[in-house]
Amino acid sequence: MKYILMMSARKSDFEAYAKWSRQELEANVAFMRAFSRELKESGAFVASEGLAWPNDAKLVRAGSNGEPITDGVFPESKEFLAGYWIIDVESAKQAYAFAARLSRGPGGGGSTGSMPVEVRQVLSSHGDLGL
Amino acid sequence: MNGQTADTPLEHLLRELAPQVLGVITRRFRDFSAAEDAVQEALLAAFRQWPHDGMPESPRGWLIHVASRRMTDMVRSELARRERENTVAEAEPAVEPAVIEADMDPDDTLILLFMCCHPALSASSAIALTLRAVGGLTTAEIANAFMVPESTMAQRISRAKQSIRASRVPFLAPTAQERKERLPAVLHILYLIFSEGYASSIGEQLQRLDLAREAIRLTRHARALLPEDAEVAGLLALMLLTDARQAARTGPGGELIPLDKQDRNLWDRAEIAEGTELLRFALSKGVAGLYQLQAAIAAVHDEAARAEDTDWPQILALYELLRTMAPSPLVTLNHAIAVAMVDGPASGLEKLKALDNDARLAGHYRLDAVRAHLFEMLGDVEKAVEHYRAAATGTTNLPEQNYLLTQAARLEEACNRQSVQSASQNREHS
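Note that the coordinates shown come from a computational prediction; the quantities given were computed from them, not determined experimentally. (Residues numbered from 1 in each chain as written. Chains lettered and ligands numbered in written order. Predicted model: local features only at pLDDT ≥ 70, side-chain atom pairs only at ≥ 80, totals over all residues.)

### Some words on the confidence of the model for chain B
Residues and elements named next belong to chain B.
Item 1. Across chain B, the average pLDDT comes to 86, with 88% of residues at 70 or higher.
Item 2. A low-confidence stretch, residues 1-5 (pLDDT under 50), is modelled with nine contacts involving residues beyond four sequence positions or located in other chains.
Item 3. This model gives residues 82-99 a pLDDT under 50, and the stretch forms 21 contacts once residues within four places in sequence are excluded.
Item 4. Model confidence for the complex is summarised by a pTM of 0.84, with the ipTM given as 0.82. (pLDDT = per-residue confidence, 0-100. Contact = placed C-beta atoms within 7 Å.)

If you want it as structure tokens, here you go:
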């Protein structure tokens, strides 16, 4: 079963992240690298991407002629996806365990963060055999 | 890294043979697109069979035979409009070496290179097709290198071939005139393959194919085919002189290490020597082209035993030349760095002002990154931190983002420590 683990943050969180101390930044980078290695070694890794900062994030809708109409004004409270991991595991429980590992990554201000991680199952195209 | 993930001898052999075989098949069947598919299948069959059955007596003959049979099958099945019953046969085919040798043409690889780097193709299509048809890489390997699904890469290659078919380029050696006109496009594609490899070689991507090394291999091919061309030599020199620093570019935690902080003992001396020799040859040919100038700049950096020994006046002179020959905002940016190193950071910052109104670079993170660096040189910590952070939020490269944020944090820390120190000193004095 595939699951996607998503980490989101408000613009103010992104700004705060840019001001972390060197030690905090380095701890975070080391943690993310180790997590990614762990996923790969366990055989659960499918895909993972980090997203660029939301400075230029746009909402796009099609205009009457199908042309793109962009809007970049968001409420302050809007959460932006910062990155995701897609994993292939045996059970939801395993997915939650990986998400919890991720959530325990080092945070700013010396905290051991407990970043919320949204976990969702990914639909598959082939059906359950029902055996 | 640094090209340490060596090919197996089999991979190496097949990659070298691929363009030769493709040349023969295209010549014989006059259909580049189908020939390219047939050769790819023959390569895959060789990958599967040779390790078990042993190497055939004439590997090239085997590949030509299997690919030819595949072509005949395709033609036949198309004619009969019925489903093929035999795909590529698994048996060892008979080989007629005399016929095969007669079919070989040393120009084939050159024709293929010009064909794959055809101006009708988008850069990404040309890159993919060149790696497959000239480089002999499989679709899976190319997809892996660009981190896209294999089906996406297969589609990109197939669309590229459709464009070539539609453009009706004949499979002929380019005339001297065509060669002159289209060589820049060919070199540009090789350069793009190299930069893709070089930029993405940061971090833990060990499973990826080393595109920088592939680009060097292809450019060596081009150099062997056009030995008197100064820009081909210049491009190869640029690649070697840049690739030589590969091992020193990242630290143990995958972090970026800038040129002035690199451990120069890790630089590849053999690559530097070869690049320098090529550059000497290229420059002896007269008017220096863009790649030669960039290679010359790389060579000046590589020659310095320590960062502080860098001959910045010479680099500045080379950027002045580059700025006249091919003005671009990025060249202006690098020129400003050289000015700062020669005349001081204030002069460099002054030069950067010219870029503020340049729409091509407006808000580009690199402008912020250079400003940050020059403000740091100047001792203006507050502005340096501000620009490092602005650059970090603008870059789309993760290791670079980490590097820029760490720079900001490091500066701020040093600054705080200093003010704490001076505050305590003041207390002692009072």
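### Notes on the sheet that holds strand E1 (residues 2-10) of chain A
Sheet strands pair by backbone hydrogen bonding; their relative direction is either parallel or antiparallel.
All names here are of chain A.
Item 1. Here we have four strands laid out as an open sheet, ordered E2-E5-E1-E6, and antiparallel in their pairing. A strand with exactly one partner marks an edge of an open sheet, and here the two such strands are strand E2 (45-50) and strand E6 (117-121). For this sheet the average axis-to-axis angle between neighbouring strands, irrespective of direction, equals 20°.
Item 2. Both E1 and strand E5 (residues 79-88) contribute to a ladder of nine bridges, which runs antiparallel. Bridging from a neighbouring strand, Met6 pairs with Tyr84 of E5.
Item 3. This element, helix H3 (residues 92-103), spans E1, E5 and E6 of the sheet and lies at about 160° to E6. (Pairing = 2+ DSSP bridges. Helix = DSSP H or I, 4+ residues; strand = E, 2+ residues; numbered from the N terminus. Axes fitted to C-alpha atoms, helices over the stretch in contact; angles between N-to-C directions.)

### Observations concerning the interface of chain B and chain A
Item 1. Contacts between the two partners involve 14 residues from chain B and, on the opposite side, 13 residues from chain A.
Item 2. Contributions of two or more residues to the side of chain B that touches chain A are made by helix H18 (381-394) and helix H19 (398-429) of chain B.
Item 3. Examining the composition of the side of chain B that touches chain A, we find that seven residues originate from one element, H19 of chain B, more than from any other.
Item 4. Its residues placed into classes, the side of chain B that touches chain A shows four nonpolar, six polar and four charged. (Nonpolar A, V, L, I, M, F, W, Y, C, P; charged D, E, K, R; others polar.)

### Digging into the packing of helix H5 (residues 108-116) of chain B against helix H6 (residues 123-134) of chain B
Residues and elements named next belong to chain B.
Item 1. In the contact formed by H5 and H6, the axes pass within 9 Å of each other and the chain directions differ by 160°. On the basis of the axis angle, H5 is roughly antiparallel to H6. Crossing of H5 against H6: the hand is right-handed. The residues of H6 that touch H5, namely those facing Thr109, Leu112, Leu113 and Cys116, are Ala126, Leu129, Thr130, Ala133 and Val134. (Parallel < 35°, antiparallel > 145°, perpendicular 65-115°, else oblique. Left-handed = near helix turned anticlockwise from the far one by under 90°.)

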